[in-house]
Amino acid sequence: MNNTPKQTEKLPWKCGKCGGELERGLVKASYLGNDFEVQELKCLNCGLVLITEELALGKMFEVEQSLEDK
């Protein structure tokens, strides 16, 4: 019996809109009237951006909280 963990091959992310490959790059985001630039996955074909959970619950949440405090 082999006890070494299996290494799974990482498949590239595909766009849900057009099926194109996603590549990480600098994208402009706007949330509640505040603009910022972040490194996120973006479709090479149609430009659709994948908003990760980290961004949604991190940076965007911070912007929302700062606006609510005003």
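Residue numbers restart at each chain and count upward from 1, following the sequence in its written direction. pLDDT decides what is reported in this predicted model: residues at 70 or higher carry local features, side-chain atom pairs at 80 or more are listed and counted, and totals for whole chains, interfaces and linings draw on all residues regardless. To obtain the side-chain values, all non-hydrogen atoms of the structure were included, while hydrogens and water were left out.

Caption draft 1: Examining the overall build of the chain more closely. Along its length, the chain carries two helices and three strands. Shown N-terminal to C-terminal, the secondary structure of the chain runs as helices and strands in the order β-β-β-α-α. Within the span of the chain, comprising 70 residues, buried residues form 21% of the whole. Across the chain, contacts joining residues at least 24 apart in sequence account for 30% of those joining residues at least 6 apart. Here the open area of atoms and residues is found with the Shrake-Rupley method and a 1.4 Å probe, where only the protein chains shown may cover a residue. In the form shown here, the chain has an accessible surface area of approximately 6,000 Å², with 50% of it arising from carbon and sulfur atoms. We count a stretch as a helix when DSSP gives it H or I for four or more residues in a row; a strand needs E for two or more, and each element gets its number in order from the N terminus. Burial classes: relative accessible area under 20% of the type maximum marks a residue as buried, over 50% as exposed, and values in between as partly exposed (1.4 Å probe, protein chains only). Note on definitions: a residue-residue contact is assigned when non-hydrogen atoms from the two residues lie within 4.5 Å.

Caption draft 2: Seen up close, the confidence of the model for the chain. Residue-level confidence of the predictor is summarised by pLDDT, bounded by 0 at the bottom and 100 at the top. Here the chain averages 79 in pLDDT, while 83% of its residues score no lower than 70. Looking at the elements of the chain, mean pLDDT is at its lowest for helix H2 (residues 59-69), recorded as 74, and at its highest for strand S3 (residues 49-50), recorded as 91.

Caption draft 3: Representation of the nonpolar core within the structure. Core analysis: the biggest nonpolar cluster contains seven residues, these being Val27, Ala29, Phe36, Val38, Leu55, Met60 and Val63. Contributing elements (two or more residues each) for this core: strand S1 (22-31), strand S2 (34-43) and H2. Buried residues of nine kinds, namely Ala, Val, Leu, Ile, Met, Phe, Trp, Tyr and Cys, make up a nonpolar core once their side-chain atoms join them within 4.5 Å.

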